[in-house]
Amino acid sequence: MFAVHLSYLSISCNAALGQDLKFGHNSGVIHSGIYYKPGSLKAKLCVQGAALCYEYCDQKGIPYKRCGKLIVAVEQDEIPRLKALYERGLQNNVRDLKLIGAKEIKAKEPFCRGLMALDSPHTGIVNYKQVAQSYAEDFQEAGGTIFTDFEVTNMEMAKESSSESEDGKAVVLPSIYSIPGEEIYCQHIVTCAGLYSDRLSEISGCSPEPRIVPFRGDYLVLKPEKCYMVKGNIYPVPNPRFPFLGFHFTPRMDGSVWLGPNAVLAFKREGYRLFDFSTGDFLDAVTYRGPSGVRAQALDTDGNLVDDFVFDGGSGDIGSRVLHVRNAPSPAATSSLAIAKMIADEVKRRFEL
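In this text the structure is predicted, and so the values were computed from the model without any measurement. (Residues numbered from 1 in each chain as written. Predicted model: local features only at pLDDT ≥ 70, side-chain atom pairs only at ≥ 80, totals over all residues. Heavy atoms only, no water.)

1. Focus: the pairing of strand β21 (residues 322–327)
And then number 1: Counting buried residues in β21 gives six out of six residues, a clear majority hidden from the surface.
And then number 2: Looking at chain direction, strand β13 (residues 189–191) and β21 are connected through three bridges and run parallel. Following the sheet pairing, threonine 191 is matched in β21 by histidine 324.
And then number 3: Relative to β21, strand β20 (residues 310–312) is paired through three bridges, and the arrangement is antiparallel. Bridge pairing in β21 places valine 310 opposite asparagine 327. (Buried < 20%, exposed > 50% of the residue type's maximum accessible area, 1.4 Å probe, protein only. Helix = DSSP H or I, 4+ residues; strand = E, 2+ residues; numbered from the N terminus. Pairing = 2+ DSSP bridges.)

Take a look at the structure:
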């Protein structure tokens, strides 16, 4: 039994390890798949994942809003890029996309002005913390166990044979964090560690590349009395000089509206607050070769952004028993159920299950 959800390290002995259910630290957008290179895993998994996300929320009674999204061109030189996005979205099989003019923009968003916009009616919003908690409940109902505050600092082969393993061998995950001396034995490991994916890979004896360099995105919040001015997601046309989508207005399920994000170097891997600091995490970031001033989820050895999903393993007693999800960039929350299916298929193939 494998549970493959972001923020967990899932293993074949029906246990999932995680620090906390922190899936809610994102914009809450259900993306439609417009931006991504046609044929890439990001494009394919986003389109599939969005459909699965809506279906899952319907099945579980999780509220969402299919509020739509406008990508708005405000300068003439943005219009060719906007039209290129439209063509890309069509290639990615995004449903019901259309280009609209200034009057239609005002009709959809009365306080928004632009020359032309790309209208994506199936973009939505959801509270991903509720989604993650529902995933956890599904896992537990299927017989799985979730351990939180269980920091994995080492992986080693069991010194004695284990009855839980078909070949008599097992990997031990010892905890020295909140439950000193606690150990979990398992035959296979699937890691989905997000900000710590490079460190868990290195612990298992696999490659530390691509390296994670954390950048934090900060949002502004509209005053409550001004939230009526934004009905759906409003995005700018992406600037090709930057590897992110730009400041945008995002309505939230609680009725608030966020504006952002920026991209600033985080001094701690889970540095959600402005003054969070970890000496080790900061030194990892500033001593690693790579670009600065961008939101880098993963970097290769030459400092290039790794823009698509990366899955790998290793060799040897431990490495051959591990499947690492090394890079699952945005829109990984939207794509999570499609990613889970792909990982489950890869687990069956790689471990011959």
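2. Quick word on the packing of aromatic side chains
And then number 1: One pass over the structure, following the stated rule, counts six aromatic pairs.
And then number 2: Pairing phenylalanine 111 with tyrosine 228 gives two aromatic rings, centres 5.6 Å apart and planes at 85°, and the pair type is edge-to-face. Taken together, the positions of phenylalanine 111 in the loop between α3 (102–108) and β7 (116–120) and tyrosine 228 in the loop between β15 (220–221) and β16 (233–236) put the pair 117 residues apart, joining distant regions of the chain.
And then number 3: According to the relative accessible area criterion, phenylalanine 111 is partly exposed, its value standing at 46%.
And then number 4: Here the aromatic rings of tyrosine 219 and tryptophan 258 are separated by 4.9 Å at their centres, their planes lie at 45°, and the arrangement is tilted. Separated by 39 residues along the polypeptide, tyrosine 219 in the loop between β14 (215–216) and β15 and tryptophan 258 in strand β18 (residues 257–260) bring together distant segments of the chain. (Phe/Tyr/Trp six-rings, centres within 6.5 Å; stacked < 30°, edge-to-face > 60°.)

3. Description of the environment of valine 72
And then number 1: With respect to the helices and strands, the residue valine 72 is situated in strand β5 (residues 69–73).
And then number 2: With relative accessibility at 6%, the residue valine 72 sits in the buried group.
And then number 3: For valine 72 and arginine 113, which are 41 residues apart along the polypeptide, the C-alpha to C-alpha distance reads 8.2 Å.
And then number 4: Leaving out residues up to four positions away in the same chain, valine 72 has contacts with Glu78, Ile105, Cys112, Arg113, Gly114, Met116, Ala117, Ile234, Tyr235, Pro236 and Val237. (Contact = heavy atoms within 4.5 Å.)

4. Describing unusual backbone geometry
And then number 1: The peptide bond linking glutamate 209 to proline 210 adopts the cis configuration, its omega dihedral lying at 0°.
And then number 2: With respect to the secondary-structure elements, proline 210 resides in the loop between α5 (197–203) and β14.
And then number 3: Of note in this structure, asparagine 93 is not a glycine but carries a positive phi near 65°.
And then number 4: Here asparagine 93 shows up in the loop between α2 (79–91) and β6 (98–101).
And then number 5: Classification of asparagine 93 by relative accessible area gives exposed; the value is 59%.
And then number 6: With a phi angle near 55°, glutamate 352 is a residue other than glycine that sits in the positive phi range.

5. What about the confidence of the model for the protein?
And then number 1: When pLDDT is averaged along the protein, the result is 80, and 75% of the positions lie at 70 or above.
And then number 2: Contacts from residues 291–296, a stretch scored under 50 in pLDDT, to residues over four places away or in other chains number 18 contacts. (pLDDT = per-residue confidence, 0-100.)

6. A few points about the nonpolar core
Soluble globular proteins tend to pack their nonpolar side chains together in the buried interior.
And then number 1: In this structure, Ile34, Tyr35, Ile71, Leu82, Leu85 and Leu118 are the most contacted members of the largest nonpolar core, which totals 17 residues.
And then number 2: With three residues, α2 is the single largest residue contributor to this core.
And then number 3: Discounting residues that sit within four places of it in the chain, leucine 85 has contacts with Ile34, Tyr35, Ile71, Leu118 and Pro238.
And then number 4: Counting 13 residues, the second largest nonpolar core, distinct from the first, contains Cys53, Ile62, Tyr128 and Ala333. (Core = buried A, V, L, I, M, F, W, Y, C linked by side-chain atoms within 4.5 Å.)

7. Description of the environment of isoleucine 189
And then number 1: Here isoleucine 189 shows up in strand β13.
And then number 2: Expressed as a C-alpha distance, the spacing of isoleucine 189 and leucine 323, which sit 134 residues apart in the sequence, is 6.3 Å.

8. What about the packing of helix α1 (residues 41–60) against helix α8 (residues 332–351)?
And then number 1: Packing of α1 against α8 brings their axes to within 6 Å, and their N-to-C directions diverge by 110°. Taken together, the axes of α1 and α8 lie roughly perpendicular to each other. Contact with α1, carried on its side by Leu41, Leu45, Cys46, Gln48, Gly49, Ala50, Leu52, Cys53 and Tyr56, involves Thr334, Ser335, Leu337, Ala338, Ile339 and Met342 of α8 and no other residues of that element. (Axes fitted to C-alpha atoms, helices over the stretch in contact; angles between N-to-C directions. Parallel < 35°, antiparallel > 145°, perpendicular 65-115°, else oblique.)

9. Here's the deal with the sheet that holds strand β4 (residues 64–65)
And then number 1: Pairing is antiparallel in the open sheet, where three strands are placed in the order β3-β8-β4. Of all the strands in the sheet, just β3 (29–30) and β4 have a single pairing partner and so form its edges.
And then number 2: Sheet topology places β4 next to strand β8 (residues 124–126); two bridges connect them, and they run antiparallel. The residue bridging lysine 65 from the neighbouring strand is isoleucine 125, located in β8.

10. Here's the deal with α2
And then number 1: In this model, α2 (13 residues) spans 19 Å end to end at C-alpha, consistent with the 18 Å of a helix rising 1.5 Å per residue.
And then number 2: For α2, the complete set of buried residues consists of Ile79, Leu82, Leu85 and Gly89. Looking down the long axis of α2, one finds its buried residues gathered within 110° of arc, a one-sided arrangement. In α2, the exposed positions that point more than 90 degrees away from the buried face belong to Pro80 and Gln91.
And then number 3: Close packing links the buried residues of α2 with β5, β6 and β7.
And then number 4: With its phi angle positive at about 65°, asparagine 93 sits one or two positions after the end of α2. (Expected span 1.5 Å × (residues − 1). Arc of directions from axis to C-beta.)

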